[in-house]
Amino acid sequence: MRLDKYLKISRLIKRRTVANDACDVGRVTVNGKPAKASYQVKAGDVLELAFGARTLKVEVLQTPEHVGKNDASLLYREI
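Quantities reported herein were computed from a predicted structural model and do not represent experimental measurements.

Caption draft 1: Structural detail: the overall build of the protein. Broken down by element type, the protein carries two helices and five strands. Each helix (α) and strand (β) of the protein, taken in turn from the N terminus, gives the series α-α-β-β-β-β-β. Over its C-alpha trace the protein gives a radius of gyration of 11 Å, about what one expects of a compact globule, namely 12 Å for 79 residues. Each principal axis of the C-alpha distribution contributes one length, and for the protein these read about 30 × 25 × 25 Å. At a minimum sequence separation of 6, the contacts of the protein that also span at least 24 residues come to 37%. Of the accessible surface of the protein, which amounts to about 4,900 Å², a share of 48% is contributed by carbon and sulfur atoms. A gap of 3 Å separates the mean positions of the 15 positive and 9 negative side-chain charges of the protein.

Right, here's the structure in full:
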């Protein structure tokens, strides 16, 4: 699954276009390296998102195509 789509369905970022822009300016890293929005996310990847002064680090647990709002937090684990 594409990184921008994963960020949207996991509800880490509200909109896919915003996720795409965050990847373009280097605010999203995967396993310690800046990633493009087209990066293929897989279970076990460690994502780091920079939101202003705050940084969120999560581990990807699963990458289903569709997920409900209540189950979105089951897709990742905060580190």
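Caption draft 2: Fine view of the pattern of salt bridges. Taken as a whole and judged by the stated rule, the model has five salt bridges. Notably, a salt bridge pairs Asp45 with Lys42, separated by 3.7 Å at the nearest N-O pair. Since its relative accessible area comes to 4%, Asp45 is described here as buried. Salt-bridge contacts for Glu59 lead to Arg77; the nearest nitrogen and oxygen are separated by 2.1 Å. With Glu59 in strand β4 (residues 54–60) and Arg77 in strand β5 (residues 76–78), this pair connects stretches of sequence that are 18 residues apart. Sharing partners across several salt bridges, the network here consists of Arg2, Asp4 and Arg16.

Caption draft 3: Main features of the nonpolar core. Counting residues in hydrophobic clusters, the biggest one holds 22 residues, and the most contacted among them are Leu3, Tyr6, Leu7, Leu12, Val28, Leu47 and Leu49. Of all the secondary-structure elements, those providing two or more residues to this core are α1 (3–9), α2 (16–24), β1 (28–30), β3 (46–51) and β4. Looking at which element gives the most residues to this core, the answer is α1, with four residues. Those residues in contact with Val28, other than ones at most four positions away along the chain, are Leu3, Leu7, Ala22, Cys23, Lys33, Pro34, Ala35, Glu48 and Leu49.

Caption draft 4: Structural view of the pairing of β3. Sheet topology places β1 next to β3; three bridges connect them, and they run antiparallel. Its bridge partner being in β3, Val28 is matched across the sheet by Leu49. Note: β3 against β4, six bridges, orientation antiparallel. By the bridge assignment for β4, Ala50 is matched with Thr55. Where β3 folds back on β4, the antiparallel hairpin that results is connected by two residues, among which Gly52 adopts a positive phi of roughly 65°.

Rules used throughout
Residues numbered from 1 in each chain as written. Predicted model: local features only at pLDDT ≥ 70, side-chain atom pairs only at ≥ 80, totals over all residues. Heavy atoms only, no water. Helix = DSSP H or I, 4+ residues; strand = E, 2+ residues; numbered from the N terminus. Rg over C-alpha atoms; globule rule 2.2 N^0.38 Å. Contact = heavy atoms within 4.5 Å. Areas by Shrake-Rupley, 256 points an atom, 1.4 Å probe, with all protein chains shown as cover. Lys, Arg positive; Asp, Glu negative; His and termini not counted. Charge placed at Lys NZ, Arg CZ, Asp CG, Glu CD. Salt bridge = Lys/Arg side-chain N within 4 Å of Asp/Glu carboxyl O. Buried < 20%, exposed > 50% of the residue type's maximum accessible area, 1.4 Å probe, protein only. Core = buried A, V, L, I, M, F, W, Y, C linked by side-chain atoms within 4.5 Å. Pairing = 2+ DSSP bridges.

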